[in-house]
Amino acid sequence: PREHARLADEVAGRGALVSEFPFGSEPEAWHFPLRNRAISGLARGVVVVEACDRSGALVTADMALEQGRDVFAVPGPVTSPLSAGPNRLIRQGAALAGSAADVLETYPDLAPRAAASAAAGARDAGPILGEQERRLLEIIGAAPRPIDDIIRDFAGPAQAAAALLTGLELRGLVQQLPGKIFARA
C-alpha cells in the first residue's frame, strides 16, 4: 500500500522485497494467504505474538506447519481476544515462547550471532535501528517497564509493539524479565 512506501524503500535499501505479484499490484484479500505462505517459507520458524480466532497470523502458522517449519506462540491472558490464537496454538502443540531465549533454544546457532551482533553494535556506532525500534528503546528508558506501559506509550497497534520488542530481544538489545517486564540489555 502507498502508505508503506517509506518502509518499502528502507527494506529495499537493506534487505529484499519478496512477492508473488507484479510490482504495483493492488492489495486484495486473496493475496494475503499467498503472502503468508511466502513469509513462512522464508523463515525457519514462526512466532505468533497476538492473533484473534480468525487471523492471518494463524494462516501463516498453518502454512509454516505444512512447510515443516517450527511454530512458537506467546501466551496471553485468556480474557483477551488477541490471545485466543496463540493460546490455541499452544494447546495444539506449538512451542511456548515466553521470551526470545525460548526461541533461541531451538536455534542455538543463532544465539552466538545475536550476542556477537549486540557486542559489535556496542563497539561500533551501534546497531542499525528503525524509527519505531528507536522509539521503543526510548520508551523503555533506563528502568525496566511492564509491557502494558510500553504499549500504551508506543501509541500504535499493540501487536506492532510486541513484534518490535521480540525483534529487539532477539537482537540482544532488550531483555524480558519475569512478569512481562522489559529492560534494555
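The residue count restarts for each chain, going from 1 along the sequence in the order it is written. Local features are withheld for residues below a pLDDT of 70 in this predicted model, meaning they are given only at 70 or higher, and side-chain atom pairs are given and counted only at 80 or more; totals for whole chains, interfaces and linings count all residues. To obtain the side-chain values, all non-hydrogen atoms of the structure were included, while hydrogens and water were left out.

**Description of the packing of aromatic side chains**
Here comes step 1: For Phe, Tyr and Trp, where Trp contributes only its six-membered ring, two rings pair if their centres lie within 6.5 Å, and the inter-plane angle classes them as stacked under 30 degrees, edge-to-face over 60, or tilted in between. Summed over all chains, the structure comprises two aromatic pairs.
Here comes step 2: Ring geometry for Phe21 versus Trp30: centroids 5.6 Å apart, planes at 85 degrees, classification edge-to-face.
Here comes step 3: The exposed category is assigned to Trp30, whose relative accessible area is 52%.
Here comes step 4: Taking the centre distance of 6.0 Å and the plane angle of 65 degrees together, the rings of Phe72 and Tyr107 count as edge-to-face. Placement of the pair is Phe72 in strand β2 (residues 70-73) and Tyr107 in the loop between α5 (100-106) and α6 (110-123), with a sequence separation of 35 residues. Each member of the pair, Phe72 as well as Tyr107, is classed as buried.
Here comes step 5: Note on criteria: charge over ring means Lys NZ or Arg CZ within 6 Å of the ring centre, with the direction from the centre no more than 35 degrees off the ring normal. In this structure, Arg135 is placed above the aromatic ring of Phe154, and the distance from its NZ or CZ to the ring centre is 4.4 Å. Residue exposure (1.4 Å probe, protein chains only): buried if accessible area is under 20% of the type maximum, exposed if over 50%, otherwise partly exposed. A helix here means a DSSP run of H or I that spans at least four residues, while a strand means a run of E at least two residues long, and both kinds are numbered starting from the N terminus.

**So, the pairing of strand β1 (residues 45-48)**
Here comes step 1: Side chains Val46 and Val48 project from β1 onto a buried face, and the interleaved Gly45 and Val47 project onto a face without burial.
Here comes step 2: In short, DSSP must find at least two bridges between two strands for them to pair. Two strands pair when backbone bridges link them, and β1 and β2 are joined in this way by four bridges, in the parallel orientation. For Val48, the partnering residue across the bridge sits in β2 and is Ala73.
Here comes step 3: With its strands directed away from the observer, a crossover is right-handed exactly when the path from the first strand over the helix to the second travels clockwise. Taken together, β1, helix α3 (residues 56-66) and β2 form a β-α-β motif whose crossover is right-handed.

**Topic: the pattern of salt bridges**
Here comes step 1: Here, a salt bridge means any Lys or Arg side-chain nitrogen found within 4 Å of an Asp or Glu carboxyl oxygen. Scanning the entire structure with this criterion turns up nine salt bridges.
Here comes step 2: A salt bridge links Arg44 to Asp109, with the nearest nitrogen and oxygen atoms 2.9 Å apart. Of this pair, Arg44 sits in the loop between α2 (31-42) and β1 while Asp109 sits in the loop between α5 and α6; the two residues are 65 residues apart in sequence, bridging distant segments of the chain.
Here comes step 3: Ionic contacts of the salt-bridge type, sharing partners, join the residues Arg145, Asp149, Arg152 and Asp153 into one network.

**Considerations on the packing of helix α7 (residues 131-140) against helix α8 (residues 147-154)**
Here comes step 1: Axes, fitted as lines to C-alpha atoms, cover a helix only where it is in contact. Angles between the N-to-C directions of the axes lie from 0 to 180 degrees. Remark: α7 packs on α8, axes separated minimally by 10 Å, with the N-to-C direction vectors making an angle of 125 degrees. Relative to α8, the element α7 is oriented oblique. For the crossing formed where α7 meets α8, the hand is right-handed. Facing Gln132, Arg135, Leu136, Ile139 and Ile140 of α7, the residues of α8 in contact are Ile150, Asp153 and Phe154.
Here comes step 2: Partitioned by chemical class, the residues of the contact of α7 with α8 number five nonpolar, one polar and two charged. Angles are sorted into four bins: roughly parallel if under 35 degrees, roughly antiparallel if over 145, roughly perpendicular if 65 to 115, and oblique for all others. Rotating anticlockwise by less than a right angle from the far helix to the near helix defines a left-handed crossing, while the corresponding clockwise rotation defines a right-handed one. Pairs of residues are marked as contacts when any of their non-hydrogen atoms sit within 4.5 Å. In this classification, Asp, Glu, Lys and Arg are treated as charged, Ala, Val, Leu, Ile, Met, Phe, Trp, Tyr, Cys and Pro as nonpolar, and every other residue, Gly included, as polar.

**Some points on the nonpolar core**
Here comes step 1: Only buried residues count toward a nonpolar core, which is a set of Ala, Val, Leu, Ile, Met, Phe, Trp, Tyr and Cys residues joined through side-chain atoms within 4.5 Å. Core analysis: the largest hydrophobic core is formed by 16 residues, its most contacted members being Leu136, Ile150, Leu165, Leu168 and Phe182.
Here comes step 2: For Leu136, the residues in contact, after removing those within four places along its chain, are Ile150, Phe154, Ala161, Leu164, Leu165 and Leu168.
Here comes step 3: With ten residues, the next largest nonpolar core counts Val48, Ala51, Ala73 and Ala94 among its residues.

**A closer look at the layout of surface pockets**
Here comes step 1: In this structure, the second largest pocket spans a volume of roughly 400 Å³.
Here comes step 2: The definitions used throughout rest on a 1 Å grid laid over the protein atoms alone, on which a cavity is an enclosed set of points accommodating a 1.4 Å probe that cannot get out and a pocket is an open set flanked by protein within 12 Å on both sides along at least five of seven lines; lining residues are those having an atom within 4 Å of a point. Lining the second largest pocket are 25 residues, with Val49, Val74, Ile147, Ala162 and Lys180 positioned closest to its centre.
Here comes step 3: Those elements that place two or more of their residues in the lining of the second largest pocket are α5, α8 and α9 (158-170).
Here comes step 4: Class assignment of the residues belonging to the lining of the second largest pocket gives a composition of 14 nonpolar, seven polar and four charged. Grid points are joined across faces, edges and corners, and a volume is the space filled by probe spheres set on the points.

**What about the pairing of β2?**
Here comes step 1: The sheet contact formed by β2 and strand β3 (residues 95-96) spans two bridges and is parallel. Its bridge partner lying in β3, Phe72 is registered against Ala95.
Here comes step 2: Read as a crossover between parallel neighbours, the route from β2 over helix α4 (residues 84-91) to β3 is right-handed.

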